[in-house]
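Chain residues, written in single-letter form:
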Amino acid sequence: MYLLDATQQAFLRLAGGDRELWTIVWVSLRVSLLALALATPFAIATGFWIASHRFAGRRFAIVALQGLLSFPTVVVGLILYLLLSRSGPLGPWHLLFTQDAMIIGQAVIAFPVLAAFTLAAVAGADPRLRETAVSLGAGPLRSALTSLYEVRFAVIAGVLNGFGRVISEVGCSMMVGGNIAGLTRNIPTAIALETSKGDFAQGIALGTVLMFFAFVVVALLAVIQEERKPQ
Amino acid sequence: MSPIVSISRAVKSYGGRGLLDVGALELGRGDLIVLSGDNGSGKTTFLKIVAGLEHADVLHMRCNGFEADRRRYPRELRRQIVYVHQHPYLFNTSIAANIHYGLKLRDVDERERERRVRDAIGWAGVEHLQSVLPAKLSGGEKQRVALARAKVLEPRVLLVDEPTASLDAQARAQVIELLQRTATGDNCVVVACHDKELLELPGAKRWHLDRGRIDA
């Protein structure tokens, strides 16, 4: 029966506007959206550049990018922790256990997802696309922007996938954020903590919010898939 | 009268196999040049080299005071020479936005742009297709939109690759008429094709590409 009671409690907290709960949700959203905003321009530029240029080591770059897709988030957290800790090279920046550290970590995690999606989209685009833009007078930057605009749905799908990955990751956030209440406690780290404390209601409430985000992402991806179909 | 384009040499090879080796060609004002040749003879390669879309091993070309070689293809030339694919790529937006594209790049003022796009849509006879997305257009309709998109830029040289391939009789007739109307006055049109009707167009110059050489 405790499961039913906990679920009932969870929905009461969600409906009742529990301040602690909604602060955790806010921290999660803020960190993940800022991480995406930080990673997206660099990742799209990298994916586009690799897709549209022939250079020594290109194959290695593609394999490395694909390998990073499955890089454990806790290892990203470990590396970032070592860099940001007091005795690390970036220690003087005093970023460890702050939202900024979490944003950097999640941006690192999102980067390969966004870059790989962009790379696949641009590499798979019709070669006549770039030629058409150039022949109509576009310079290198404008033809790149036109190409990205033409494959925009695939790039947006990459951004949504990146959001899905960072909003639910726990390893990196726990290590570089420290799970500090009201500051760096986000949904995944809070679920881990509340469950270990036996407060299942809070865990279920936060899990419900996380599943809602996942549902929104899946729904948006479905809409995009529909848009991408030839008219 | 000086020609619009003079090509003193253009050489291209793939994997050690010579594909193209042409020289002493001129595109004059008002010329409609029909370039024939077998499949794989290098017609598309030749057009793309002239349009600056493909690198040549050797290139000496002059157009309107600007010189292009194998390393350098001046931006001003891109503004004067436009290439249209055999199966044109239309951007995934409206027909009007497709035609606006090159004009925006040339910083044409908005009112003037609107007027020229409206004229081009009328010229190509695609007024009734304005609400249709490019993916839904037939081959002939896409070809007409692509020609309008190129013509609106008033290029000195229009290079068109197999424009009537796989079109039905009515669409072919429409495209051929548009090409004839384009080659006038200060510009010229080069059409690569196999189409007998185009090859026998009155007033057109015939070039034949064989084993990498052009018989002008």
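As a starting point, this report considers the structure included with it.

## Quick word on the overall build of chain B
Then, number 1: The helix and strand tally for chain B stands at 7 helices and 11 strands.
Then, number 2: In terms of overall size, chain B behaves like a compact globule, its C-alpha atoms giving a radius of gyration of 17 Å where 216 residues would be expected to give roughly 17 Å.
Then, number 3: In terms of overall dimensions, chain B has a C-alpha envelope of 50 × 40 × 35 Å along the principal axes.
Then, number 4: Going through the 216 residues of chain B one by one, you find that 44% of them count as buried.
Then, number 5: Taking all contacts inside chain B whose residues are at least 6 apart in sequence as the whole, residues at least 24 apart take part in 69%.

## Here's the deal with the packing of helix α4 (residues 73–84) of chain A against helix α5 (residues 99–123) of chain A
All names here are of chain A.
Then, number 1: One way to put it is that α4 packs onto α5 with a least axis distance of 10 Å and a crossing angle of 135°. In terms of orientation, α4 lies oblique with respect to α5. In this structure, α4 crosses over α5, and the sense of that crossing is right-handed. Together, T73, V76, G77, L80 and L84 of α4 and A101, I104, G105, V108 and I109 of α5 make up the contact between the two elements.
Then, number 2: Considering only residue class, the contact of α4 with α5 consists of 7 nonpolar, 3 polar and no charged.

## Section: the nonpolar core
Then, number 1: If you look at the biggest cluster of nonpolar residues, it comprises 71 residues, and the most contacted ones within it are A148, L159, V189, V190 and V191 of chain B.
Then, number 2: Leaving out residues up to four positions away in the same chain, V190 of chain B has contacts with L27, I33, L35, L47 and L159 of chain B.

## Some words on the pairing of strand β8 (residues 157–161) of chain B
Residue and element names in this part refer to chain B.
Then, number 1: The element β8 is extensively covered by neighbouring structure, given that 5 of its 5 residues are classed as buried.
Then, number 2: Here 4 bridges tie strand β7 (residues 81–84) to β8, and the two strands are oriented parallel to one another. Looking at the pairing, V82 lines up with L158 of β8.
Then, number 3: Sheet analysis places β8 next to strand β9 (residues 188–192), joined by 5 bridges and oriented parallel. Pairing of D161 across the sheet is with A192, part of β9.
Then, number 4: The parallel pair β8 and β9, bridged by helix α6 (residues 169–182), forms a crossover whose chirality is right-handed.

## As for helix α6 (residues 127–135) of chain A
Then, number 1: Every buried residue of α6 of chain A is listed here: L129, R130, T132, A133, V134 and S135 of chain A.
Then, number 2: Where α6 of chain A is buried, its residues meet α7 (140–150) of chain A together with α1 (43–51), α2 (75–78) and β7 of chain B.
Then, number 3: In the stretch just after α6 of chain A, G137 of chain A is the one whose phi turns positive, near 115°.

## As for the interface of chain A and chain B
Then, number 1: Taken residue by residue, the interface counts 15 residues in chain A and 19 residues in chain B.
Then, number 2: Elements supplying a minimum of two residues to the side of chain A that touches chain B: α6 and α7 of chain A.
Then, number 3: In terms of residue count, α6 of chain A provides more of the side of chain A that touches chain B than any other element does, 6 residues in total.
Then, number 4: Here the residues of the side of chain A that touches chain B are counted per class, giving 5 nonpolar, 5 polar and 5 charged.

## Things to note about the sheet that holds strand β11 (residues 213–215) of chain B
Residues and elements named next belong to chain B.
Then, number 1: The strand order across the open sheet formed by 6 strands is β7-β8-β9-β4-β10-β11, and the pairing between neighbours is mixed. Looking at the sheet topology across the chains shown, the edges are occupied by β7 and β11. Adjacent strand axes in the sheet meet at a mean angle of 20°, parallel and antiparallel pairs treated alike.

## Some words on the pairing of strand β4 (residues 32–37) of chain B
Residue and element names in this part refer to chain B.
Then, number 1: With 6 of 6 residues buried, β4 is to be regarded as a mostly interior element.
Then, number 2: Of the two faces of β4, both are covered, the one formed by L32, V34 and S36 as well as the one formed by I33, L35 and G37.
Then, number 3: Strand direction decides the pairing type here: β4 and β9, joined by 4 bridges, are parallel. Its bridge partner being in β9, L35 is matched across the sheet by A192.
Then, number 4: Bridge count between β4 and strand β10 (residues 205–210): 5 bridges; the pairing is parallel.

## Let's talk about unusual backbone geometry
With the exception of glycine, most residues fall at negative phi, and the peptide bonds are largely trans.
Residues and elements named next belong to chain A.
Then, number 1: Although it is not a glycine, H94 adopts a positive phi angle of roughly 50°.
Then, number 2: Here H94 lies in the loop between α4 and α5.
Then, number 3: For N179, which is not glycine, the phi torsion reads 55° and is therefore positive.
Then, number 4: Within the fold, N179 resides in the loop between α9 (171–177) and α10 (187–197).

So, how was this worked out
Residues numbered from 1 in each chain as written. Chains lettered and ligands numbered in written order. Predicted model: local features only at pLDDT ≥ 70, side-chain atom pairs only at ≥ 80, totals over all residues. Helix = DSSP H or I, 4+ residues; strand = E, 2+ residues; numbered from the N terminus. Rg over C-alpha atoms; globule rule 2.2 N^0.38 Å. Buried ≥ 20, exposed ≤ 12 C-beta atoms within 10 Å, placed from the backbone. Contact = placed C-beta atoms within 7 Å. Axes fitted to C-alpha atoms, helices over the stretch in contact; angles between N-to-C directions. Parallel < 35°, antiparallel > 145°, perpendicular 65-115°, else oblique. Left-handed = near helix turned anticlockwise from the far one by under 90°. Nonpolar A, V, L, I, M, F, W, Y, C, P; charged D, E, K, R; others polar. Core = buried A, V, L, I, M, F, W, Y, C linked by C-beta atoms within 7 Å. Pairing = 2+ DSSP bridges. Right-handed = clockwise from strand over helix to strand, strands pointing away.

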